[in-house]
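Summary of the model geometry
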Amino acid sequence: MNFSVLFVFFVGASLLSIVAPAVPTASISAHVLDISGGHPAAGIQILAFIQQNDAWTKIGAEFTQDNGRVDWVSPDFALIAGTYRLVYLTQPFYKNKGIDSFYPYVEVVFQINDPTQHYHVPLTLSPWGYSTYRGS
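This write-up is about the structure you can find in this document. These numbers come from a predicted model, not from an experiment.

1. Observations concerning the overall build of the protein
Broken down by element type, the protein carries two helices and nine strands. Across the protein, helices and strands are ordered from the amino to the carboxyl terminus as α-β-β-β-β-β-β-α-β-β-β. A buried classification covers 37% of the 136 residues belonging to the protein. The contacts in the protein between residues at least 6 apart in sequence include a share of 60% that link residues at least 24 apart.

2. Description of the pairing of strand β9 (residues 129-132)
Of the strand pairs in this sheet, strand β8 (residues 118-126) and β9 are connected by four bridges, and their pairing is antiparallel. Opposite leucine 125, over in β9, you have tyrosine 130 as the bridge partner. In sequence, β8 turns back onto β9 through a hairpin of two residues.

3. Details of the packing of aromatic side chains
In this description, an aromatic ring pair is defined by two values, namely the gap between the centres and the angle between the planes. Tallying each qualifying case throughout the model produces five aromatic pairs. Summarising the aromatic geometry, the rings of tyrosine 84 and phenylalanine 110 are spaced 6.0 Å apart at their centres and angled 15° between planes, so their arrangement reads as stacked. Highlighted residues: tyrosine 84 in strand β6 (residues 82-89) and phenylalanine 110 in strand β7 (residues 106-112), separated in sequence by 26 residues. For tyrosine 84, a relative accessible area of 1% translates into the label buried. Relative accessible area serves as the criterion here: at 16%, phenylalanine 110 is assigned to the buried category. Aromatic pair phenylalanine 102 and tyrosine 103: ring centres 5.0 Å apart, planes at 85°, arrangement edge-to-face. On the accessibility criterion, phenylalanine 102 (56% relative accessible area) is exposed.

4. Topic: the sheet that holds strand β3 (residues 45-52)
The sheet built from four strands is open, its strands ordered β4-β3-β6-β7 with antiparallel pairing. Single-partner strands in this sheet number two, and they are β4 (55-63) and β7. Here the strands of the sheet are splayed against their neighbours by 20° on average, with no regard to which way each runs. Relative to β7, β6 runs antiparallel, the two sharing seven bridges.

5. Some details on the nonpolar core
By size, the foremost hydrophobic cluster in this structure holds 26 residues, and its most contacted members are Ile28, Tyr84, Leu86 and Tyr88. Elements with a contribution of two residues or more to this core: β1 (27-34), β3, β6, α2 (91-96), β7 and β8. Leaving out residues up to four positions away in the same chain, tyrosine 84 has contacts with Ile28, Phe49, Ile50, Trp56, Ile59, Phe77, Leu79, Val108, Val109, Phe110 and Ile112.

6. Topic: the environment of glutamate 107
Counting through the fold element by element, glutamate 107 comes out in strand β7. In sequence terms glutamate 107 and tyrosine 88 are 19 residues apart; their C-alpha atoms lie 6.4 Å from each other. Once residues lying within four places of it in the same chain are set aside, the contact partners of glutamate 107 are Arg85, Leu86 and Val87.

7. Some points on unusual backbone geometry
Despite not being glycine, asparagine 53 shows a phi value in the positive range, around 60°. Checked against the element boundaries, asparagine 53 lands in the loop between β3 and β4.

8. Points about the environment of serine 27
In this fold, serine 27 is placed in strand β1. Classification of serine 27 by relative accessible area gives buried; the value is 0%. Expressed as a C-alpha distance, the spacing of serine 27 and tryptophan 72, which sit 45 residues apart in the sequence, is 6.4 Å. Serine 27 has contacts with Trp72, Leu79, Gln117, His118 and Tyr119, leaving out every residue within four places of it along the chain.

Here is what the cut-offs are and how they apply
Residues numbered from 1 in each chain as written. Predicted model: local features only at pLDDT ≥ 70, side-chain atom pairs only at ≥ 80, totals over all residues. Heavy atoms only, no water. Helix = DSSP H or I, 4+ residues; strand = E, 2+ residues; numbered from the N terminus. Buried < 20%, exposed > 50% of the residue type's maximum accessible area, 1.4 Å probe, protein only. Contact = heavy atoms within 4.5 Å. Pairing = 2+ DSSP bridges. Phe/Tyr/Trp six-rings, centres within 6.5 Å; stacked < 30°, edge-to-face > 60°. Axes fitted to C-alpha atoms, helices over the stretch in contact; angles between N-to-C directions. Core = buried A, V, L, I, M, F, W, Y, C linked by side-chain atoms within 4.5 Å.

Here it is as C-alpha coordinates:
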(Lines give C-alpha, C1' and ligand atoms only; values in the text may rest on other atoms or scores of the structure.)
Protein backbone atom coordinates (compact mmCIF):
# COMPACT_ATOMS: atom_id res chain seq x y z
CA MET A 1 0.00 0.00 0.00
CA ASN A 2 1.49 3.34 -0.95
CA PHE A 3 1.85 6.37 1.30
CA SER A 4 -0.97 8.42 -0.29
CA VAL A 5 -3.50 5.62 0.22
CA LEU A 6 -2.45 5.26 3.87
CA PHE A 7 -2.65 9.02 4.36
CA VAL A 8 -6.19 9.21 2.92
CA PHE A 9 -7.27 6.24 5.07
CA PHE A 10 -5.95 7.72 8.32
CA VAL A 11 -7.22 11.24 7.59
CA GLY A 12 -10.67 9.84 6.72
CA ALA A 13 -10.74 7.74 9.90
CA SER A 14 -9.67 10.75 11.96
CA LEU A 15 -12.41 12.92 10.46
CA LEU A 16 -15.01 10.24 11.22
CA SER A 17 -13.97 10.19 14.85
CA ILE A 18 -14.34 13.98 15.00
CA VAL A 19 -17.76 14.02 13.34
CA ALA A 20 -19.31 11.01 15.12
CA PRO A 21 -18.86 10.96 18.90
CA ALA A 22 -18.15 7.57 20.41
CA VAL A 23 -21.25 5.90 21.82
CA PRO A 24 -20.82 5.33 25.56
CA THR A 25 -21.79 2.11 27.29
CA ALA A 26 -24.45 4.05 29.22
CA SER A 27 -26.75 4.71 26.26
CA ILE A 28 -29.89 3.65 24.42
CA SER A 29 -29.79 2.30 20.88
CA ALA A 30 -32.57 1.09 18.61
CA HIS A 31 -33.09 -1.06 15.53
CA VAL A 32 -36.12 -1.37 13.25
CA LEU A 33 -36.68 -4.33 10.94
CA ASP A 34 -39.51 -4.32 8.39
CA ILE A 35 -40.51 -7.96 8.63
CA SER A 36 -43.08 -7.58 5.84
CA GLY A 37 -40.20 -7.28 3.39
CA GLY A 38 -37.40 -8.79 5.44
CA HIS A 39 -35.28 -5.62 5.36
CA PRO A 40 -33.94 -2.99 7.75
CA ALA A 41 -36.30 -0.02 8.01
CA ALA A 42 -34.21 3.01 7.02
CA GLY A 43 -35.45 6.55 7.60
CA ILE A 44 -37.79 5.99 10.55
CA GLN A 45 -37.60 8.82 13.04
CA ILE A 46 -37.30 7.77 16.67
CA LEU A 47 -38.11 10.29 19.39
CA ALA A 48 -36.70 9.67 22.88
CA PHE A 49 -38.24 10.92 26.13
CA ILE A 50 -37.71 10.59 29.87
CA GLN A 51 -40.53 10.92 32.38
CA GLN A 52 -39.86 13.67 34.87
CA ASN A 53 -42.55 14.20 37.50
CA ASP A 54 -45.77 13.78 35.50
CA ALA A 55 -44.43 15.05 32.17
CA TRP A 56 -42.36 13.63 29.32
CA THR A 57 -39.17 15.54 28.44
CA LYS A 58 -37.76 15.04 24.95
CA ILE A 59 -34.12 13.96 25.08
CA GLY A 60 -33.45 12.99 21.47
CA ALA A 61 -34.69 12.62 17.89
CA GLU A 62 -32.79 10.46 15.41
CA PHE A 63 -33.51 8.66 12.12
CA THR A 64 -32.69 5.03 11.47
CA GLN A 65 -29.73 4.55 9.16
CA ASP A 66 -29.65 2.37 6.04
CA ASN A 67 -29.10 -0.65 8.31
CA GLY A 68 -32.24 0.23 10.33
CA ARG A 69 -30.21 1.19 13.38
CA VAL A 70 -29.82 4.22 15.61
CA ASP A 71 -26.60 3.84 17.56
CA TRP A 72 -27.51 6.43 20.18
CA VAL A 73 -31.03 7.85 20.49
CA SER A 74 -30.15 10.65 22.92
CA PRO A 75 -26.53 11.77 22.35
CA ASP A 76 -26.93 14.99 24.34
CA PHE A 77 -28.43 13.36 27.44
CA ALA A 78 -26.64 11.37 30.14
CA LEU A 79 -28.76 8.43 31.28
CA ILE A 80 -30.25 8.48 34.76
CA ALA A 81 -32.50 5.96 36.48
CA GLY A 82 -36.10 6.46 35.38
CA THR A 83 -38.86 5.70 32.92
CA TYR A 84 -38.12 6.23 29.24
CA ARG A 85 -40.23 6.25 26.09
CA LEU A 86 -39.20 5.73 22.49
CA VAL A 87 -41.68 6.78 19.80
CA TYR A 88 -41.08 5.17 16.41
CA LEU A 89 -42.82 7.26 13.72
CA THR A 90 -43.82 4.37 11.45
CA GLN A 91 -46.57 5.83 9.26
CA PRO A 92 -44.29 8.07 7.14
CA PHE A 93 -42.06 5.04 6.41
CA TYR A 94 -44.94 3.05 4.92
CA LYS A 95 -46.57 6.09 3.32
CA ASN A 96 -43.32 6.73 1.37
CA LYS A 97 -43.61 3.14 0.10
CA GLY A 98 -47.27 3.63 -0.91
CA ILE A 99 -48.41 1.13 1.74
CA ASP A 100 -51.28 1.67 4.18
CA SER A 101 -50.40 0.91 7.77
CA PHE A 102 -52.48 0.45 10.88
CA TYR A 103 -50.13 2.08 13.40
CA PRO A 104 -49.12 5.72 12.79
CA TYR A 105 -46.46 5.32 15.49
CA VAL A 106 -45.28 2.82 18.06
CA GLU A 107 -44.51 3.80 21.66
CA VAL A 108 -42.25 1.66 23.79
CA VAL A 109 -42.04 2.58 27.47
CA PHE A 110 -39.37 0.99 29.65
CA GLN A 111 -37.63 1.38 32.98
CA ILE A 112 -33.90 1.98 33.47
CA ASN A 113 -32.70 1.11 36.96
CA ASP A 114 -28.97 0.97 36.19
CA PRO A 115 -27.96 3.96 34.02
CA THR A 116 -24.42 2.60 33.58
CA GLN A 117 -25.64 -0.16 31.22
CA HIS A 118 -26.40 -0.16 27.52
CA TYR A 119 -30.05 -0.55 26.52
CA HIS A 120 -30.99 -1.73 23.01
CA VAL A 121 -34.66 -1.49 22.02
CA PRO A 122 -35.34 -3.26 18.70
CA LEU A 123 -38.67 -3.12 16.89
CA THR A 124 -39.86 -5.68 14.36
CA LEU A 125 -42.50 -4.02 12.23
CA SER A 126 -45.07 -4.71 9.55
CA PRO A 127 -47.93 -2.51 8.32
CA TRP A 128 -50.30 -4.44 10.59
CA GLY A 129 -48.28 -5.33 13.68
CA TYR A 130 -45.11 -4.96 15.68
CA SER A 131 -43.07 -6.55 18.42
CA THR A 132 -40.30 -5.30 20.66
CA TYR A 133 -37.87 -6.67 23.24
CA ARG A 134 -34.76 -5.70 25.15
CA GLY A 135 -31.86 -6.54 22.89
CA SER A 136 -28.15 -6.46 23.46
